[in-house]
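This is what each chain is made of:
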Amino acid sequence: MVIMEIQTVFNEARDINVYNEGVKTTYSLGDENYKNILDCWNKTIEDSHQMPALGVSINSYTVEEMKHGLWVEFCFERQIQRSELPFEKLLVNVNKGFYGFNVVRYTAQRGYDGRCFYLDLNGKTMDDFYAFLSDLG
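Residues numbered from 1 in each chain as written. Predicted model: local features only at pLDDT ≥ 70, side-chain atom pairs only at ≥ 80, totals over all residues. Heavy atoms only, no water.

Colleague: Summarise the sheet that holds strand S1 (residues 15–20); cite the residues concerned and give the values.
Modeller: Pairing is antiparallel in the open sheet, where seven strands are placed in the order S2-S1-S5-S6-S7-S9-S3. The strands lining the two open edges of the sheet, one partner per strand, are strand S2 (23–28) and strand S3 (49–51). Within the sheet, the average angular offset between the axes of one strand and its neighbour, ignoring direction, is 30°. For S1 and S2, the ladder comprises six bridges, and the chain directions are antiparallel. Directly across from Ile16, in S2, lies its bridge partner Tyr27. (Pairing = 2+ DSSP bridges. Helix = DSSP H or I, 4+ residues; strand = E, 2+ residues; numbered from the N terminus. Axes fitted to C-alpha atoms, helices over the stretch in contact; angles between N-to-C directions.)

Colleague: If you had to explain the nonpolar core to someone new, which residues and values would you point to?
Modeller: Ranked by internal contacts, the top residues of the largest apolar core, which has 31 residues, are Phe10, Trp41, Val72, Phe74, Leu90 and Phe101. For this core, the secondary structure elements donating two or more residues are S1, helix H1 (32–45), strand S5 (70–82), strand S6 (85–94), strand S7 (100–106), strand S9 (117–120) and helix H3 (127–136). The leading source of residues in this core is H1, at six residues. Phe10 has contacts with Leu38, Trp41, Ile45, Phe74, Phe76, Leu90 and Val103, leaving out every residue within four places of it along the chain. Membership of the second largest hydrophobic core comes to seven residues, among which are Tyr19, Trp71, Leu91 and Cys116. (Core = buried A, V, L, I, M, F, W, Y, C linked by side-chain atoms within 4.5 Å. Buried < 20%, exposed > 50% of the residue type's maximum accessible area, 1.4 Å probe, protein only. Contact = heavy atoms within 4.5 Å.)

Colleague: Break down the side chain of Ser48 for me, with residues and values.
Modeller: Checked against the element boundaries, Ser48 lands in the loop between H1 and S3. For Ser48, the contacting residues outside a window of four places in its chain are Gln7, Leu119, Asp120, Leu121 and Asn122.

Colleague: Report on the packing of H1 against H3, specifying residues and quantitative values.
Modeller: Packed helix pairs are characterised by how far apart their axes lie and by the angle those axes make with each other. It is the contact of H1 with H3, at a shortest axis distance of 9 Å, that shows an interaxial angle of 165°. Taken together, the axes of H1 and H3 are roughly antiparallel relative to one another. By crossing handedness, the relation of H1 to H3 is classed as left-handed. From H1, Asn33, Asn36, Ile37, Cys40, Trp41 and Thr44 reach across to H3, where they touch Asp128, Phe129, Phe132, Leu133 and Leu136. Across the contact of H1 with H3, the residue classes break down as seven nonpolar, three polar and one charged. (Parallel < 35°, antiparallel > 145°, perpendicular 65-115°, else oblique. Left-handed = near helix turned anticlockwise from the far one by under 90°. Nonpolar A, V, L, I, M, F, W, Y, C, P; charged D, E, K, R; others polar.)

Colleague: I'd like a rundown of the pattern of salt bridges, residues and numbers included.
Modeller: The full count for this structure, using the stated rule, is five salt bridges. When the shortest N-O distance is used, the salt bridge between Arg82 and Glu12 registers 3.7 Å. Residue Arg82 is found in strand S5, and its partner Glu12 is found in the segment before S1; the two are separated by 70 residues along the sequence. Its relative accessible area of 36% is what places Glu12 among the partly exposed residues. One salt-bridge network, held together by shared partners, links Glu12, Arg78 and Arg82. (Salt bridge = Lys/Arg side-chain N within 4 Å of Asp/Glu carboxyl O.)

Colleague: Let's hear about the side chain of Gln50: which residues, and what values?
Modeller: Along the chain, Gln50 falls in strand S3. From its side chain, Gln50 meets the backbone nitrogen of Ile6 in a polar contact 2.7 Å long. Within polar-contact distance, the side chain of Gln50 engages the side chain of Ser83 at 3.1 Å. Apart from residues no more than four positions distant in its own chain, Gln50 is found in contact with Glu5, Ile6, Gln7, Ser83, Phe117, Tyr118 and Leu119. (Polar contact = N/O pair within 3.5 Å; in protein donor to acceptor, adjacent residues only side chain to side chain.)

Colleague: Could you give me a rundown of unusual backbone geometry, with the residues and numbers involved?
Modeller: Unlike most non-glycine residues, Ser83 shows phi in positive territory, near 50°. When you line up the elements, Ser83 lands in the loop between S5 and S6.

Functional significance is not addressed by these values, which are geometric in nature.
In structure tokens:
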């Protein structure tokens with residue numbers, strides 16, 4: 001069995017949602033901003049390492065937290081599975097200074113409940129991605 005790390009899946013997203021202080025903006029495949037977001041994201045996670053998750057997500061808490069700060073959500077056309085964990089969306093809280101972060105899974109059955117993925121940026125931070133997304137709005 002081949003284990004594919006989570007970094008390989010983001011290019012398959014149909015839509016990218018950016019939540020800035022609870023305001024959602026959707027960028028769809030084919031939009032210039034979609035491509036620019038994905039390019040910046042891929043530079044951010046280049047050479048990153050998937051690690052055991054630091055925690056689990058609780059749907060009600062995650063939905064409430066999405067009303068504050070900067071978040072990016074990658075939405076897929078079908079359910080995908082990585083490391084034996086299914087998802088239809090992947091959500092990340094984008095913060096300056098973060099060297100690693102949880103990638104929260106969403107499924108239609110459970111919402112944002114359940115185990116997360118974790119990416120260690122291997123010495124880099126999310127600063128450039130944060131600045132890029134902040135400038136979009």
